[in-house]
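Descriptive structure summary
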Amino acid sequence: MLGDGLIPFPTFNKPYDRKSLMQLKNLEVRTDSDVLTKFSKENGFGNFIEKVFYERDVILYSQRKFLTEMFEERHFQLDDTNVPFDWDNISPARFVYRQHGIPFAIAQWYNSNGNLRAWPYSLNRMDQDSVPALKLDPLNKSHYDDEQEYKAAFGKWMSFMIKHNIKTSEELKDKLVDWSFCNKGWAGCNAINMKSEWRNLYDLIIERNLSICKEWYYELLIEKLLPSE
């Protein structure tokens, strides 16, 4: 709902529909591109994107399997909050916060659902300011300068891996990627300087926004419910 009215829904990826949501991936993008306005002018669904791509409940729906496995009902009855998790920017907010000269193309989407996940407090404290590659593949030795640094990281993750019956660093990466509702490209993202390294992250954020919507559309048969005209 937007105000008192139901906003128009695009199809997600209907064949031959040039106004489908997936057309967002086909728009040309440069550093100063206002992709949202361009999509709105061409397809007329700007209000939908502004609402849904920033609606956190849609993230919870895409992560529902992980959240129900990770937490029990009593965990949602805490005294100080009603949820047992943080909202975490997968690519940290500090990379754009108070930074000058960030391209509008990435700044426009940085705080959208595509770069946000629901994440347990304990895990978020362990990696909240790290690049996505380190967050999602924390025991990859290539991330560490020496053996001692790697051993310290391994020790930090050991109890968590035992608790969740995770045997190897590769299995840990697969779990973290899956739980975060990311594709594996995120586990290779080491972008820090958003002025020069923004493009790959832009693609990852747009792709994840679309994947979150796809889960919602396909599981609830939204595209089938839309009128043909």
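The following refers to the structure shown. Worth saying up front: this structure is predicted, and the values here are computed from it rather than measured.

Our next topic: the pairing of strand 2 (residues 116-120). Most of strand 2 sits out of view: 5 of its 5 residues are buried. Pairing geometry for strand 1 (residues 85-89) and strand 2, over 5 bridges, is antiparallel. Paired with Asn89 across the two strands is Leu116, which belongs to strand 2.

Before going further, it helps to spend a moment on the packing of helix 8 (residues 147-163) against helix 9 (residues 169-179). For the pair helix 8 and helix 9, the least separation of the axes is 12 Å and the interaxial angle reads 75 degrees. As far as their axial angle goes, helix 9 and helix 8 are roughly perpendicular. Where helix 8 approaches helix 9, its residues Trp157, Phe160 and Met161 are matched on the opposing element by Ser169, Leu172, Leu176 and Trp179. Residues belonging to the contact of helix 8 with helix 9 are distributed by class as follows: 6 nonpolar, 1 polar and no charged.

With that settled, the discussion passes to helix 9. When helix 9 is considered as a whole, its buried residues turn out to be Leu172, Lys173, Leu176, Val177 and Trp179. The inward-facing, buried residues of helix 9 contact helix 4 (64-70), strand 2, helix 7 (132-136) and helix 8. Of the residues trailing helix 9, Phe181 is marked for its positive phi of about 55 degrees.

Next up on the list: the packing of aromatic side chains. Taken as a whole and assessed by the stated rule, the structure comprises 15 aromatic pairs. Taking 5.6 Å as the distance between ring centres and 50 degrees as the angle between the ring planes, the aromatic pair formed by Phe12 and Tyr217 counts as tilted. Here Phe12, found in the segment before helix 1 (35-43), pairs with Tyr217, found in helix 10 (residues 198-219); they are 205 residues apart in sequence, far enough to count as distant. For the residue pair Phe12 and Tyr217, the accessibility class agrees, reading buried in each case. Taking the centre distance of 5.8 Å and the plane angle of 85 degrees together, the rings of Phe12 and Tyr218 count as edge-to-face. Residue Phe12 is found in the segment before helix 1, and its partner Tyr218 is found in helix 10; the two are separated by 206 residues along the sequence. The exposure class of Phe12 is buried, given its relative accessible area of 2%.

Take the nonpolar core next. The tendency in soluble globular proteins is for nonpolar side chains to be buried side by side. Within the largest apolar cluster, 67 residues are counted, with the highest numbers of intra-cluster contacts made by Leu21, Phe48, Ile49 and Trp109. Counting residues per element, this core draws most heavily on helix 10, which supplies 11 residues. If we ignore the near neighbours within four places in the chain, the residues touching Trp109 are Val35, Leu36, Ile49, Phe53, Tyr54, Tyr202, Ile205, Ile206 and Asn209.

Once that is clear, we can look at unusual backbone geometry. In this structure, Phe181 takes a positive phi of about 55 degrees despite not being glycine. Looking at where Phe181 falls in the secondary structure, it is placed in the loop between helix 9 and helix 10. Take Phe181: its relative accessible area is 23%, and that puts it in the partly exposed class. With phi around 55 degrees, Leu221 is a residue other than glycine that occupies positive phi space. Within the secondary structure layout, Leu221 lies in the loop between helix 10 and helix 11 (222-225).

Turning next to the environment of Phe104. Of note, Phe104 is situated in helix 5 (residues 104-107). Residue class for Phe104 comes out partly exposed when judged on its relative accessible area of 41%. Phe104 sits 72 residues away from Leu176 along the chain, and the two C-alpha atoms are 29 Å apart. Once residues within four sequence positions are removed from consideration, Phe104 is found in contact with Thr31, Asp32, Ser33 and Asp34.

The next point concerns the side chain of Ser130. Along the chain, the position of Ser130 falls in the loop between helix 6 (121-127) and helix 7. What Ser130 contacts, discounting residues up to four positions off in sequence, is Ile90, Pro92 and Lys135.

About the thresholds
- Residues numbered from 1 in each chain as written.
- Predicted model: local features only at pLDDT ≥ 70, side-chain atom pairs only at ≥ 80, totals over all residues.
- Heavy atoms only, no water.
- Buried < 20%, exposed > 50% of the residue type's maximum accessible area, 1.4 Å probe, protein only.
- Helix = DSSP H or I, 4+ residues; strand = E, 2+ residues; numbered from the N terminus.
- Pairing = 2+ DSSP bridges.
- Axes fitted to C-alpha atoms, helices over the stretch in contact; angles between N-to-C directions.
- Parallel < 35°, antiparallel > 145°, perpendicular 65-115°, else oblique.
- Contact = heavy atoms within 4.5 Å.
- Nonpolar A, V, L, I, M, F, W, Y, C, P; charged D, E, K, R; others polar.
- Phe/Tyr/Trp six-rings, centres within 6.5 Å; stacked < 30°, edge-to-face > 60°.
- Core = buried A, V, L, I, M, F, W, Y, C linked by side-chain atoms within 4.5 Å.

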